[in-house]
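# What the coordinates show
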Amino acid sequence: MNAQTCLKKLQYVGVLSFATVSPDGTPQIRCISAIHYETDALYFFTARGKGFCKELLRDGRVQILAYTRYNEMIRVSAKAIPVPRADQKKWIDVIFEEQPYLANVYPNDTREIGIVFSIRDMEIEYFNLAVHPIFRENYIVGNRRIKQKGYEITNHCIGCGTCAENCPQNCIKAGKPYQIMQEHCLHCGSCYEHCPVQAVMQKD
């Protein structure tokens with residue numbers, strides 16, 4: 001698995017959930033399918049009058065979520081940036097050619113009400129629930145850093161094994177200290193809650 005494979009899987013899913021935050025701080029989510037995929041970027045179309053567009057222009061931060069038929073979750077954290085004005089028509093035409101249904105939504109010249117945003121710098125989280133133990137990994141596209149999440153066991157560990165006994169994925173190895181295999185961790189917090197000496201630390 002890698003970032004490009006995740007982007008290809010997003011393309012196969014087709015309709016993606018885009019999450020933003022409104023000016024009053026309430027969460028917003030939309031289903032978007034007017035998307036063009038490059039190996040290192042996403043381009044998507046919306047109308048300038050929509051609240052979605054206004055939220056992107058105000059802040060730009062967005063999370064994109066897809067769930068595949070194979071029980072894989074792919075989440076993209078990124079910032080959406082309007083494509084330069086000189087390139088808007090080019091990308092609008094590309095998206096309308098790839099998504100013929102858009103001609104029914106915005107017939108003839110009404111597509112000019114639209115705007116195309118691009119996403120180039122992104123963190124991609126891949127989470128596969130169909131395997132045992134589960135598998136998760138993070139990837140970077142462009143200029144982005146991975147935000148560490150989950151749990152880790154500190155040097156306060158006394159080696160009692162309570163964390164391993166209570167791990168639903170059996171992904172904690174004995175040692176000094178015990179070690180969580182991060183690629184198989186659910187981030188459920190069971191080890192954190194059961195450790196008798198509070199040796200487990202939450203990273204996020």
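Let me begin by describing the structure that accompanies this report. Along each chain, the written sequence defines residue order, and numbers are assigned to residues from 1. In keeping with the predicted nature of the model, local features appear solely for residues at pLDDT of at least 70, side-chain atom pairs appear and are counted solely at 80 or more, and the whole-chain, interface and lining totals rest on all residues. Only hydrogens and water are set aside when side-chain values are computed; all heavy atoms of the structure are taken into account.

### Comments concerning the environment of Leu-16
Helix numbers and strand numbers start at the N terminus; a helix is a DSSP run of H or I with at least 4 residues, a strand a run of E with at least 2. Along the polypeptide, Leu-16 turns up in strand S1 (residues 16-21). Placed 14 residues apart in sequence, Leu-16 and Arg-30 show a C-alpha to C-alpha distance of 8.1 Å. Setting aside anything within four residues of it in sequence, one finds Leu-16 in contact with Leu-10, Arg-30, Cys-31, Ile-32, Ile-35, Tyr-37, Ile-64, Leu-65 and Ala-66. Note on contacts: a residue pair is in contact if any heavy atoms of the two residues lie within 4.5 Å.

### So, the packing of aromatic side chains
What counts as a ring pair is set by centres within 6.5 Å for rings of Phe, Tyr and Trp (its six-membered ring), and what kind of pair is set by the plane angle: stacked under 30 degrees, edge-to-face over 60, tilted for all other angles. Scanning the entire structure with this criterion turns up nine aromatic pairs. On the numbers, 5.6 Å between centres and 15 degrees between planes, the contact of Phe-44 with Phe-117 is stacked. Taken together, the positions of Phe-44 in strand S4 (residues 41-47) and Phe-117 in strand S8 (residues 114-119) put the pair 73 residues apart, joining distant regions of the chain. Per-residue accessibility, obtained with a 1.4 Å probe over protein chains only, is compared with the maximum for each type, and a residue is labelled buried under 20%, exposed over 50%, and partly exposed between these values. On the accessibility criterion, Phe-44 (1% relative accessible area) is buried. Ring geometry for Phe-45 and Phe-96: centres 5.2 Å apart, planes at 85 degrees, overall edge-to-face. Residue Phe-45 is found in strand S4, and its partner Phe-96 is found in helix H3 (residues 88-98); the two are separated by 51 residues along the sequence. Exposure class is identical for Phe-45 and Phe-96. Each is buried. Taken together through their ring pairs, the aromatic side chains of Phe-18, Phe-44, Phe-52 and Phe-117 make up a single cluster. Consider the ring centre and the ring normal. A charge sits over the ring if Lys NZ or Arg CZ is within 6 Å of that centre and within 35 degrees of that normal. Its end group placed over the ring of Phe-127, Arg-136 keeps NZ or CZ at 4.2 Å from the ring centre.

### Remarks on H3
Among the residues of H3, Gln-88, Trp-91, Ile-92, Ile-95 and Phe-96 are the ones counted as buried. For H3, the arc enclosing every buried residue in end-on projection is 135 degrees, short of the 170-degree limit, so these residues lie on one face. The exposed residues of H3 that point more than 90 degrees off its buried face are Lys-89 and Glu-97. Elements in contact with the buried residues of H3: strand S3 (35-38), S4, strand S7 (81-82), helix H4 (102-105) and S8. The directions from the helix axis to the C-beta atoms are what the arc is built from.

### So, the pattern of salt bridges
We count a salt bridge whenever a side-chain nitrogen from Lys or Arg sits within 4 Å of a carboxyl oxygen from Asp or Glu. Enumeration over the complete set of coordinates arrives at nine salt bridges. Notably, a salt bridge pairs Glu-72 with Lys-9, separated by 3.1 Å at the nearest N-O pair. With a gap of 63 residues between them, Glu-72 in strand S6 (residues 72-79) and Lys-9 in helix H1 (residues 3-13) connect regions that are remote in the sequence. Take Glu-72: its relative accessible area is 4%, and that puts it in the buried class. The partner of Arg-120 in a salt bridge is Asp-40, with the nearest N and O atoms 3.5 Å apart. Note that Arg-120 is positioned in the loop between S8 and strand S9 (122-128) and Asp-40 in the loop between S3 and S4, a separation of 80 residues in sequence. Under the relative-accessibility criterion, Asp-40 is labelled partly exposed at 37%.

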